[in-house]
Amino acid sequence: MNIVVCVKQVPDTATERKLRSDDKTLDRDAADGVINELDEYAVEEALKLKEAHGGEAAVTVLTMGPAKATETIRKALAMGADKAVHLTDDALHGSDALSTSYAMAQALGRIGFDLVVLGSESTDARTGVLAAMLAERLGVAQLTQAKKVEVSGTSIAVERVTEYGYDKVEATLPAVVSVVEKINEPRYPSFKGIMAAKKKPVETLSVADAGIAADQVGLAGAWSEVAEFAAAPPRGAGTIVKGDGDGGTKTADFLVTKKFI
Amino acid sequence: MSEILVLVEHVDGEVKKVTLELLTLARGQGAPSAVWAGPGYTEEVRARLAEYGAEKVYVADSQEIVDYVVAPKAELLAQLVASASAGGVLVAATAEGKEIAGRLAIKTDSGVITDAVGLGEGFVADQSIFGGGVNVRSRVAKGTPIVAVRPNSVTPEPAAGAGAEERVSVTLSDAARAARVAERVKEEKGARPELAEAAIVVSGGRGVGSAEDFALIERLADSLGAAVGASRAATDLGWYPHQFQVGQTGKTVSPQLYIAVGISGAIQHRAGMQTAKTIIAVNKDSEAPIFELADFGVVGDLFQVVPQLIEEIEKRK
Ligand SMILES: Cc1cc2nc3c(=O)[nH]c(=O)nc-3n(C[C@H](O)[C@H](O)[C@H](O)COP(=O)(O)OP(=O)(O)OC[C@H]3O[C@@H](n4cnc5c(N)ncnc54)[C@H](O)[C@@H]3O)c2cc1C
Ligand SMILES: Nc1ncnc2c1ncn2[C@@H]1O[C@H](COP(=O)(O)O)[C@@H](O)[C@H]1O
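All figures in this text were calculated on a predicted structure; none of them were measured in a lab.

## Looking at the overall build of chain A
Thought 1: Looking only at helices and strands, chain A has seven helices and 13 strands in total.
Thought 2: The dimensions of chain A, computed from C-alpha atoms along their principal axes, are 65 × 45 × 40 Å.
Thought 3: For chain A, buried positions account for 53% of its 261 residues.
Thought 4: Contacts spanning at least 24 positions in sequence make up 72% of the contacts within chain A whose residues lie at least 6 apart.
Thought 5: Working note: accessible area of chain A is about 10900 Å², and carbon and sulfur atoms make up 51% of it.
Thought 6: Between the mean site of the 30 positive side-chain charges and the mean site of the 38 negative ones, chain A shows a separation of 4 Å.

Here you go:
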């Protein structure tokens, strides 16, 4: 079984994140890049599926991003993935969700897959649409928002988290899966894993290598654009009171001034 | 005026409030056409949609549409975008709503904007990003604008529309039938307003201490007619069901009032609630990051503050 896990490098949520004033894209140099948290769960699930297959599977990491995203690729390899493909090209800078899904679908076509595993959302773009878009572009089953995944032969079943509980969903491979955080507990890379990761193959793909039409990606190719942006006005320092026996009463007073009661 | 398609969110045959909000927003962009997908359509539904401005109500109520994951609704909308030459499409920014929007965008070769909290002239959408630190206005550069709007972004206002019913039949492609829903598991919901839609949300975290003590959070919620939410720490510990988790990997809420009780305010929690209009925090640790967001905060023991608050609310109502 060929499993490809899509891993994104995102700015650390603990640092201040910014947009660039020149082209209104994410300022990736302003903050440290880390692996998108949910993608660790995606890697873990891919590794678990491989283990459940008696190791008869290859786990390939796919990352689209600038050169420094290799750090994130190494992290996924250190967790236990076998190899990686790094889709990287200046032409990709500024791609929106449609462009990203197009570029990644092209790369997936080159790599070949039975199963693609993603996180359900990234902490920077937070669109949560990529998995659905890949399923649409690749014409394969969409098994997203999964809290449980089971593969047996060419059948796949997931529990998909819904507004009201969950759905049991079934399909035949190939498929695209996205995972939510309660699906598993991601492993920490071991020292051995970290050392081994340094020797694992990372193939670099350019836009041309992947057969991506350059005018469909990047800032110019994007289907949507940021018109303007501004730092949010500070929330206005709130009133903080000490509990001292009347915290509930003071809160009720506040609710009255705001007309909630 | 061009038609603006609004995908109707419904549960147990009832139209959800977010749909009335979307119809209100759609009126600023063109002539709203509601799109009903799935079984359960009734004359009451049509009347309700018309009351909030739907000029047309497209009805595709075959079972098939809900038997497969997401793709059938995207196919239905794509068909209507073409036949109605729609000027834009609005869906609710739920996890599924965004996925429908994403697939529709590809089918119609159009741009998509997710998690809008406001919509201006020409489909320019307001978004709040990076944990609320930056406000953005975005627009679609190609195709038919598709926007996923967060619940509670606008107050729904009635405005009579013609509500002309039009039946639609969709022929699903094989690709749309790739992921089959074998079973639907509903976790009990109770009488409280729905979390994503509620005007007031009261959430409890690890500070609440036990499943039993979540009753206190529920009592506070009920005194305000609010929905109950929980932090991931509380849902992971099994104190409250997972479907009530607020945050990056739970529900995103944008209520008029959010009350965080015994919640520290981790970035992943904030990601799901920071667009609330007013935020109140109760926490015994004055350094808890939730206080950075709070319009009103009480540093104190929740077991002292909350019972008193409930009593005061009952008194003043
Ligand atoms: C991939 C990923 C996704 C995540 N997604 C989410 C998400 O969607 N939603 C989410 O909430 N979290 C999420 N988290 C977890 C998040 O990082 C925090 O761990 C979590 O929000 C903490 O919950 P908490 O505030 O209830 O608990 P804590 O951080 O332990 O805070 C408890 C607070 O209660 C206070 N307290 C204790 N006793 C009392 C008392 N008697 N009276 C008053 N105050 C008291 C304490 O001072 C403390 O501030 C995610 C984490 C990861 C890694
Ligand atoms: N540039 C990228 N490279 C690899 N995977 C990505 C990239 N962007 C998004 N993803 C995947 O898509 C998921 C959802 O991202 P998003 O749609 O941006 O919220 C992430 O959790 C990743 O698994």
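Once the structure has been displayed, the description carries forward.
## Some remarks on unusual backbone geometry
Thought 1: Here the amide bond leading from A:Leu173 into A:Pro174 is cis, since omega sits at 5 degrees, within 30 degrees of zero.
Thought 2: Of note in the backbone geometry, A:Lys259 takes a positive phi value of approximately 65 degrees without being a glycine.
Thought 3: Despite not being glycine, B:Asp109 shows a phi value in the positive range, around 55 degrees.
Thought 4: Tracing the sequence through the fold places B:Asp109 in the loop between helix 5 (95–107) and strand 7 (112–116).

## Notes on the UniProt feature "domain: Electron transfer flavoprotein alpha/beta-subunit N-terminal" (unreviewed entry) in chain A
Thought 1: Mapped onto this structure's residue numbering, the UniProt feature "domain: Electron transfer flavoprotein alpha/beta-subunit N-terminal" (unreviewed entry) falls at residues 23–214 of chain A.
Thought 2: Within residues 23–214 of chain A, the helical portion is 30% and the strand portion 29%, while the C-alpha atoms at the span's ends are 18 Å from each other.

## Quick look at the pairing of strand 5 (residues 56–60) of chain B
Residues and elements named next belong to chain B.
Thought 1: The buried count for strand 5 comes to four of five residues, which makes it a mostly enclosed element.
Thought 2: After leaving strand 4 (residues 31–37), the chain enters helix 2 (residues 43–51) and then returns to the sheet as strand 5, a path that is right-handed.
Thought 3: The sheet contact formed by strand 5 and strand 12 (residues 164–167) spans four bridges and is parallel. Residue pairing for strand 12: Val 57 is matched across the bridge by Glu 165.

## Describing the domain arrangement of chain B
Residues and elements named next belong to chain B.
Thought 1: What the domain assignment reports for chain B is domain 1 (3–177) and domain 2 (200–315).
Thought 2: Computed from C-alpha atoms alone, the centre-to-centre distance between domain 1 and domain 2 is 31 Å.
Thought 3: Each side of the interface is counted separately: domain 1 has seven residues, and domain 2 has six residues.
Thought 4: Note on domain 1 versus domain 2: buried area summed over both sides is about 590 Å², and carbon and sulfur give 48% of it.
Thought 5: Contact with domain 2 buries surface across domain 1, with Gly 131, Arg 150 and Asn 152 losing the most and accounting together for 68% of the total.
Thought 6: One can count zero salt bridges joining domain 1 with domain 2.
Thought 7: Applying the counting criterion to the domain 1 and domain 2 interface returns two residue pairs in polar contact (both at pLDDT 80 or more).
Thought 8: The class makeup of the residues in the side of domain 1 that touches domain 2 is two nonpolar, four polar and one charged.

Scoring rules and cut-offs
- Throughout this document, residue positions are counted from 1 along each chain, in the order its sequence is written.
- Whichever chain is written first becomes A and whichever ligand is written first becomes 1, with later ones labelled in order.
- Restriction of local features to residues with pLDDT of at least 70 applies here, the model being predicted, together with a cutoff of 80 or more for giving and counting side-chain atom pairs; totals for whole chains, interfaces and linings are based on all residues.
- Calculated side-chain values reflect all of the structure's heavy atoms, with hydrogen atoms and water omitted.
- Runs of H or I in DSSP of at least four residues are treated as helices and runs of E of at least two as strands, each being numbered from the N terminus.
- Per-residue accessibility, obtained with a 1.4 Å probe over protein chains only, is compared with the maximum for each type, and a residue is labelled buried under 20%, exposed over 50%, and partly exposed between these values.
- In what follows, residue pairs with any heavy atoms lying within 4.5 Å of each other are defined as contacts.
- Each accessible area is a Shrake-Rupley result for a 1.4 Å probe, and residues are judged covered by the shown protein chains and nothing else.
- A positive count includes Lys and Arg, and a negative count includes Asp and Glu. His and the chain ends are not counted in either.
- A single reference atom marks each charge: NZ on Lys, CZ on Arg, CG on Asp, CD on Glu.
- UniProt positions are given in the numbering used here, feature names are shortened, and annotations may be inferred rather than shown by experiment.
- Assignment of crossover handedness uses the view with strands pointing away from the viewer, where a clockwise path from the first strand over the helix to the second indicates a right-handed crossover.
- A pair of strands is considered paired only if DSSP assigns at least 2 bridges between the two.
- All the domain ranges listed were derived from an automatic or database domain assignment.
- Put simply, buried area is the surface a 1.4 Å probe can reach on two separate parts but cannot reach once they are joined, added for both.
- Basic side-chain nitrogens of Lys or Arg form a salt bridge, by our definition, when they fall within 4 Å of a carboxyl oxygen of Asp or Glu.
- N or O atoms within 3.5 Å of each other form a polar contact, as long as, within protein, one can give a hydrogen and the other can take it, and as long as residues adjacent in sequence are counted only when both atoms are side-chain atoms.
- Three classes are used: nonpolar for Ala, Val, Leu, Ile, Met, Phe, Trp, Tyr, Cys and Pro, charged for Asp, Glu, Lys and Arg, and polar for all others, with Gly counted as polar.

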